[in-house]
Amino acid sequence: MKSNKLKLDKDNSVELVTSILITYPTINTVDINLENKGLEISFLIDYSMTDNSWLDKKSKLEQNFRLFNKFQNRTNQTVKFIKDDYEDLSRLKFIRSLDQCSENELSFMIQVIENIFGDKLLKNENLYPSSAFSSIDQLLERVRKENIQEQKGDEYLGFIEEDKVLVFNKNRKD
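Residues numbered from 1 in each chain as written. Predicted model: local features only at pLDDT ≥ 70, side-chain atom pairs only at ≥ 80, totals over all residues. Heavy atoms only, no water.

Colleague: I'm lost on the side chain of Ser42 in this one. Help?
Modeller: Its location among the elements puts Ser42 in strand E2 (residues 38–45). Using a relative accessible area of 1% as the deciding quantity, one classes Ser42 as buried. A distance of 2.4 Å separates the side chain of Ser42 from the side chain of Thr29, its partner in a polar contact. (Helix = DSSP H or I, 4+ residues; strand = E, 2+ residues; numbered from the N terminus. Buried < 20%, exposed > 50% of the residue type's maximum accessible area, 1.4 Å probe, protein only. Polar contact = N/O pair within 3.5 Å; in protein donor to acceptor, adjacent residues only side chain to side chain.)

Colleague: What is the right way to read the pattern of salt bridges from this model?
Modeller: The full count for this structure, using the stated rule, is 7 salt bridges. Here Lys60 and Asp56 are joined by a salt bridge, their closest N and O atoms 3.5 Å apart. Placement of both Lys60 and Asp56 in helix H2 (residues 51–71) is noted, with a separation of 4 residues, approximately one turn of the helix. Note that Asp85 is salt-bridged to Lys83, the shortest N-O span being 2.6 Å. It is possible to trace a salt-bridge network through shared partners that takes in Arg74, Arg96 and Glu105. (Salt bridge = Lys/Arg side-chain N within 4 Å of Asp/Glu carboxyl O.)

Colleague: Hey, could you run me through the packing of aromatic side chains in this one?
Modeller: Where two aromatic rings form a pair, the distance of their centres and the angle of their planes describe that pair. Overall, the coordinates contain 2 aromatic pairs when judged by the stated rule. An angle of 25 degrees between the planes, with centres 5.0 Å apart, marks the rings of Phe68 and Phe108 as stacked. Within this pair, whereas Phe68 is found in helix H2, its partner Phe108 is found in helix H3 (residues 103–117), the two being separated by 40 residues in sequence. Owing to a relative accessible area of 12%, Phe68 belongs among the buried residues under this scheme. (Phe/Tyr/Trp six-rings, centres within 6.5 Å; stacked < 30°, edge-to-face > 60°.)

Colleague: What am I meant to see in the nonpolar core here?
Modeller: Where a protein is soluble and globular, its nonpolar side chains tend to be buried together. With 34 residues, the main nonpolar core has Ile20, Ile27, Leu39, Phe43 and Leu92 as its most contacted residues. Looking at this core, the elements that each hand over two or more residues are helix H1 (12–23), strand E1 (29–33), E2, H2, strand E4 (89–97), H3 and strand E5 (155–161). It is H3 that contributes the most residues to this core, 6 residues altogether. (Core = buried A, V, L, I, M, F, W, Y, C linked by side-chain atoms within 4.5 Å.)

Colleague: How should the environment of Lys93 be read in this particular structure?
Modeller: Mapped onto the secondary structure, Lys93 falls in strand E4. Here Lys93 falls in the buried class, since its relative accessible area comes to 16%. Along the chain, Lys93 and Asn28 lie 65 residues apart, while their C-alpha atoms are 9.7 Å from each other. Leave out the neighbours within four places in its chain, and Lys93 touches Glu40, Ile41, Ser42, Lys80, Phe81, Ile82 and Asp84. One polar contact links Lys93 to Asp84, side chain to side chain, over a distance of 3.5 Å. (Contact = heavy atoms within 4.5 Å.)

If you want it as structure tokens, here you go:
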């Protein structure tokens, strides 16, 4: 292990959020909810989409997701794509179950999103060497194995601001 690896072994969820944000600079936020085992990744798009444009793009995203899982021999995989509009921006949410997600799937879907939205997808310019972090697949596996009862209610939100990765436990009381 490299010496500059973050010391987050006590909290695999925080390390997972951080690793995803650093590995994929087009991601705006990562939200992990351990109670419902949900993963929500959002992207910012530099224009407001019409309803017809959104339905076309959503259809392409869903089709690519189904094809990827068909080639992986995985059935009954579910995903949600949600769009929010903010004046001149749109936000795309990719919502997936932590139990079913893999690093290969994330990488593939992020590539598809980048191809569909092209240069309109806003990127974070503050990149870090991803080699300093554990494999996202290993982190997903560790988060899946955590005792969910002990972690009940924990929900982590992460994003990059300036040159810092910020991760918050949204339900922490202190």
